[in-house]
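Structure at a glance
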Amino acid sequence: MAITDGLLPEYDHEMATTRRLLARVPEAELGWKPHDRSMGLGQLAAHLAQIPGWCPLVLGQAGFDIEDAAPERMSAAAAGPVADILAHFDAAVASGRTALAGASDPEMLAPWTLRRGAHEIFTLPRVSTVRTLVLNHLIHHRGQLSVYLRLKDVPLPSIYGPTADEA
């Protein structure tokens, strides 16, 4: 079995779950923050919308330098509206899935490096980078989003099982 054959069902499942949560983001609360040092609700939702789009970056080049990231690219769609955040997410999911589906095992096993200038943050096989930088990162921020939504009394959809809001 190819590496992507095992990874794509997980990717599809996590993206569908994330979309259900993003769809519940209240338009009127995009600027809300639970704490001064926290991301705003809209900023967090926009960040989640970007993450699947990192798959083509991981699979299309040998690494990435965070210092090369344009600030406007990092904050795309942060102002909303929610429909734009969802559209950005859907496009990122599609491009990410296409990149994953087209990757061979040798490409998935090739090393990929994340840097900040001269500092190497990590070097991992691309498959590990997809799991860490895309899937695990998305799941982490989705957990944050579920807490934000709970604090705003928004009913939560099922994530890995029923919630108190949905049996």
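Owing to the predicted nature of the structure, the values given are computational and were not obtained by experimental measurement.

1. Topic: the pairing of strand β3 (residues 119-125)
In this structure, strand β2 (residues 111-116) lies alongside β3, joined through 6 bridges in antiparallel fashion. If you follow Trp112 over to β3, its bridge partner there is Leu124. The hairpin formed by β2 and β3 contains 2 residues between the paired strands, and Gly117 there has a positive phi angle of roughly 65 degrees.

2. A few points about the packing of aromatic side chains
For any pair of aromatic rings, the description rests on two quantities: the centre-to-centre distance and the angle between the ring planes. Applying the stated criterion to the full structure yields 2 aromatic pairs. When the centroid spacing of 5.7 Å and the interplanar angle of 90 degrees are considered together, the rings of Trp32 and Tyr148 count as edge-to-face. Taken together, the residues span a long stretch of sequence, with Trp32 in the loop between α1 (3-22) and α2 (41-50) and Tyr148 in helix α7 (residues 126-151) at a distance of 116 residues. On the accessibility criterion, Trp32 (21% relative accessible area) is partly exposed. Look at Trp112 and Phe122: their rings are 6.2 Å apart centre to centre, the planes differ by 40 degrees, and that puts the pair in the tilted class. Note that Trp112 is positioned in strand β2 and Phe122 in strand β3, a separation of 10 residues in sequence. Accessibility classification places Trp112 together with Phe122 in one group, the buried group.

Scoring rules and cut-offs
- Residues numbered from 1 in each chain as written.
- Predicted model: local features only at pLDDT ≥ 70, side-chain atom pairs only at ≥ 80, totals over all residues.
- Heavy atoms only, no water.
- Pairing = 2+ DSSP bridges.
- Helix = DSSP H or I, 4+ residues; strand = E, 2+ residues; numbered from the N terminus.
- Phe/Tyr/Trp six-rings, centres within 6.5 Å; stacked < 30°, edge-to-face > 60°.
- Buried < 20%, exposed > 50% of the residue type's maximum accessible area, 1.4 Å probe, protein only.

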